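# Report on the structure
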There are 2 protein chains.
Amino acid sequence: MNYLTLAGGVGGAKLALGLSRILPPSDLTVVVNTGDDEEFHGLHVSPDVDTVMYTLAGLSNPETGWGIRGETFNALERLKAYGADNWFNLGDKDLATHIRRTHLLLQGESLSAATDSLRRSLGVAHPIVPMSDDPVRTMLTTTIGELPMQTWFVKHRCEPAVSSIRFAGAAQAQPSPSFMQALRDCDTLVFCPSNPFVSVAPILAVPGVRDAIERFDGVRIAVSPIVGGQAIKGPAAKMMGELGIESSCVGVAKQYLELCDIFVLDDVDADRAPDIESLGMRAAVTNTMMLTDEDKVRLAEYICGLAA
Amino acid sequence: MNYLTLAGGVGGAKLALGLSRILPPSDLTVVVNTGDDEEFHGLHVSPDVDTVMYTLAGLSNPETGWGIRGETFNALERLKAYGADNWFNLGDKDLATHIRRTHLLLQGESLSAATDSLRRSLGVAHPIVPMSDDPVRTMLTTTIGELPMQTWFVKHRCEPAVSSIRFAGAAQAQPSPSFMQALRDCDTLVFCPSNPFVSVAPILAVPGVRDAIERFDGVRIAVSPIVGGQAIKGPAAKMMGELGIESSCVGVAKQYLELCDIFVLDDVDADRAPDIESLGMRAAVTNTMMLTDEDKVRLAEYICGLAA
C-alpha cells in the first residue's frame, strides 16, 4: 500500500511520525500545509513543515510540540534589541533552518526542493512535501480585524474570535509537483488529526486538490482532531464554536463530506458513530490519543489496518 | 575640532574606541571600509563595520578582536549540517546583526541607514558610516587565483601569496552621503592603523574620495599599522613583502603620499623618522601599541594633541 497523508502542525506531525515508523519511505508521502508560512526578519518560515520535519527527525521539543529540543534564543534576544518584532519564537538552531531555506529560495530553488534538501540533511528518510510552491496565506477575519494565521495564533494567542477564513493566493497557486505525483501514485489518503479549518482546508483550497481527492480511487481515511468536544491541542474547538459549527467529531466529519470514506473517532465519542455513518462515511472507533511514540505507532497501525 | 577617522577592522576599531572616549559624538565620525563585505547564507555581512560597532558598543570579543563576547554557534553548526559553508564564523548573536541588516536593506534602506539603526540600538553614540552604500569588493590576485578578501583572509588564512589587489565595483560606487558630509565638515582626518592595502585603499578607491582628501583643508594624520617591520595584527606585513613593498612604517607612509601631513610611527621605529620626513610628512614618534583601553585613549589623546 502507498500512503499520502495530509498534515498540519503538531497533530499531523504525531501521526506522520507513527506512520513513518511502520512504512518504508517509498510508501509514505507527508504533504504539509503552508498556509501558515510567514516571513519573519526577511526569512521564510514554514511552521507546519518544520514541525513535521523536526518531529520526524527526532529533534522536536516534546514540551511544546514545535521548535527544536534544547534551543537557545541568543539571536532572537539581539533581534529584539535591534527593534525587531520578537513575538514569534525563533531559536538559534531553528533560525538556521529559515536562513538556509530562504537562501535556497533566493538561489531559485522551489519550496519543495528546499524542503527536500533540509529534511534529507536532518536524516528524515520519508518525503515531506509542501502543499504548494506558491504563496498561500491563511487569513482570519477576527474581532480585531483580518490577521494572518501566525499573528492570530502566536501573537494574539488565538484570543480574537474568528468569523471567517480565507486563503489568500490560493486561487493562483498550484499544488506542488510531488503532491500531485503522490495523489496519482498512492492508494490510501489519510487526513491527519489536524485542524480542518486552518491546517487541512488550505491544502484543499489549492486548485485541483479537492477535485483530485473527490475522484480519488483508493481509500480515504480521516482522523478526528476533536475528542470529547475538545481539541487535543490548539484552537480547533474554540474556532468551531465561533464559526457556528458543532465542536465535535461530527462537526469535523462534515468538513470532509465527499472527501472521506472512513472516519476515525475516539473511544470517548463512540456514541457519535451513527451520526458519522449518516454522513456516508464508515465510522471507525479507537483510542486516538497520541501521548507516547507507542500511541503514535498504534494509531498508525490501526489506520493501515483500515486501509488494508 | 571635528574628526573624521578612516578605519578597517581590529586596528581601526581600537583607535576609534580611544577617540570615542575623549571626543563627543558630534566631533567624531568613523568611516569604515566595506570592501570586505560579503554575503553568507544570503545575509549581508559587513565585517569591518561590525568590528568597529561591536568594539564601540563594548561587546567585542577581546580574544579575537572580532565577533561578540560570549557567543554561541548553534545556528552555524546546524547550517553546516544543512550543507552550507561554515568557514566564516558567525555566532548566534552576530547572526542577528546580519539578519537585521539584510532585512533593512531588503526593505529599501541604504547600508548607511541600516548601520545607523544597528549602532544606535547597540547604544553606540558616535556615528559609524560605511564608506559607500554601493557594493565594492576587494579582490586579491593570489597564487591560487583571484579571491574575495574574506575568502583569502578567513578561509585560506592569508596563506596564498598576493600579487595584486583590485576593488571590484569601486568605479561605479559613490561615497556614502554621511562620508562626504563629514569630509566637508571635519578639520582633522585620521588614518587609523589599519591595513593600507585592504582596509584604507578600498576607501580611497571610491570615486572622489582621494581627490577630496588631497584637497583637504585641515590636518591629515596617519598612524602606522606596521611596528618594527611587523603588523600588530593581520597580514599587512606579509602582504607588503609579496607586493614588493618595504614592510616598514616607511613603506606604509609611501601609500599616503599627498594624503597625509603627519605620520605617526612607533618608538621602536624612531630611527625611520628622517625617511618619513623625506616623503614630505611630519614624523611623530610615540608608543602606538594599543593593548589596553588606556593605551587606546592615550594614543587618541596624542593624535588630538598633534591636530591642535
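Scope of this entry: the structure provided in the associated data block. Just so you know, these numbers come straight off a predicted model, no measurement behind them.

### Overview of the relation of the copies chain B and chain A
- Mapping chain B onto chain A calls for a rotation angle of 180° and an axial translation of 0.0 Å; the resulting RMSD is 0.0 Å. Each copy turns onto its partner about a two-fold axis. Minimal C-alpha separation from the rotation axis in chain B is found for Asp92 of chain B, amounting to 3.1 Å.
- Both copies present the same face, since 100% of the interface residues in chain B are matched by interface residues at the equivalent positions in chain A.

### A look at the interface of chain B and chain A
- Taken together, the contacts link 28 residues of chain B with 28 residues of chain A.
- Note on chain B versus chain A: buried area summed over both sides is about 2400 Å², and carbon and sulfur give 65% of it.
- For the chain B face of the interface with chain A, the top three residues by lost area are Arg78, Tyr82 and Ile99 of chain B, together amounting to 30%.
- There are eight residue pairs in polar contact (both at pLDDT 80 or more) connecting chain B and chain A.
- Every element with two or more residues in the side of chain B that touches chain A is listed here: α2 (47-56), α3 (74-81), α4 (92-106) and α5 (111-121) of chain B.
- Considering every element that reaches the side of chain B that touches chain A, the biggest residue donor is α4 of chain B, with nine residues.
- By residue class, the composition of the side of chain B that touches chain A is 16 nonpolar, eight polar and four charged.

### Observations concerning the pairing of strand β2 (residues 28-32) of chain A
Residue and element names in this part refer to chain A.
- The buried fraction of β2 is high, at five of five residues.
- Burial of the side chains of β2 extends over both faces: Leu28, Val30 and Val32 are buried on one face and Thr29 and Val31 on the other.
- Relative to β2, strand β1 (residues 3-7) is paired through five bridges, and the arrangement is parallel. Within β2, the position partnered with Tyr3 by the bridge is Leu28.
- Each parallel crossover has a hand, and the one from β1 via helix α1 (residues 10-22) to β2 is right-handed.

### Details of the pattern of salt bridges
- Within the structure shown, the criterion is met by 22 salt bridges over all chains.
- The salt bridge partner of Glu242 of chain A is Lys238 of chain A, with a shortest N-O separation of 2.6 Å. Taken together, the positions of Glu242 of chain A and Lys238 of chain A, both in helix α10 (residues 236-242) and four residues apart, correspond to about one turn of that helix.
- With relative accessibility at 34%, the residue Lys238 of chain A sits in the partly exposed group.
- Between Asp261 of chain B and Arg220 of chain B there is a salt bridge, and its shortest N-O distance comes to 2.9 Å. With Asp261 of chain B in the loop between α11 (249-255) and β13 (262-266) and Arg220 of chain B in strand β10 (residues 219-223), this pair connects stretches of sequence that are 41 residues apart.
- Exposure remark for Asp261 of chain B: the relative accessible area of 28% places this residue in the partly exposed category.
- Judged by its relative accessible area of 8%, Arg220 of chain B is buried.
- Shared partners join several salt bridges into a network, and the residues in it are Arg21, Asp293 and Lys296 of chain A.

### Regarding helix α13 (residues 293-307) of chain B
- With 15 residues, α13 of chain B ought to run about 21 Å at 1.5 Å a step, and its terminal C-alpha atoms sit 21 Å apart, in line with that.
- Its buried side turned inward, α13 of chain B meets β1 (3-7), α1 (10-22), β9 (188-191), β10, β13 and β14 (282-286) of chain B.

### A short note on the environment of Ala231 of chain A
Residue and element names in this part refer to chain A.
- Examined against the element boundaries, Ala231 turns out to sit in strand β12 (residues 230-231).
- Exposure remark for Ala231: the relative accessible area of 18% places this residue in the buried category.
- Here the alpha-carbon distance between Ala231 and Val285, two residues 54 residues apart in the chain, equals 17 Å.
- When near neighbours in sequence (up to four residues on either side) are disregarded, Ala231 contacts Pro225, Ile226, Ala236 and Ala237.

### A word on the packing of helix α4 (residues 92-106) of chain A against helix α5 (residues 111-121) of chain A
All names here are of chain A.
- Relative to each other, α4 and α5 sit at 140°, their axes nearing to 9 Å. If you check the angle between α4 and α5, you find them oblique. Every pair of crossing elements has a handedness; the one defined by α4 and α5 is right-handed. Side by side, α4 and α5 meet where Thr97, Arg100, Arg101, Leu104 and Leu105 of the first sit next to Leu111, Ala114, Ser117 and Leu118 of the second.
- Among the residues forming the contact of α4 with α5, the class breakdown is five nonpolar, two polar and two charged.

Conventions we followed
Residues numbered from 1 in each chain as written. Chains lettered and ligands numbered in written order. Predicted model: local features only at pLDDT ≥ 70, side-chain atom pairs only at ≥ 80, totals over all residues. Heavy atoms only, no water. Least-squares fit on C-alpha atoms with pLDDT ≥ 70 in both. Contact = heavy atoms within 4.5 Å. Buried area = accessible area lost by both parts, 1.4 Å probe. Polar contact = N/O pair within 3.5 Å; in protein donor to acceptor, adjacent residues only side chain to side chain. Helix = DSSP H or I, 4+ residues; strand = E, 2+ residues; numbered from the N terminus. Nonpolar A, V, L, I, M, F, W, Y, C, P; charged D, E, K, R; others polar. Buried < 20%, exposed > 50% of the residue type's maximum accessible area, 1.4 Å probe, protein only. Pairing = 2+ DSSP bridges. Right-handed = clockwise from strand over helix to strand, strands pointing away. Salt bridge = Lys/Arg side-chain N within 4 Å of Asp/Glu carboxyl O. Expected span 1.5 Å × (residues − 1). Axes fitted to C-alpha atoms, helices over the stretch in contact; angles between N-to-C directions. Parallel < 35°, antiparallel > 145°, perpendicular 65-115°, else oblique. Left-handed = near helix turned anticlockwise from the far one by under 90°.

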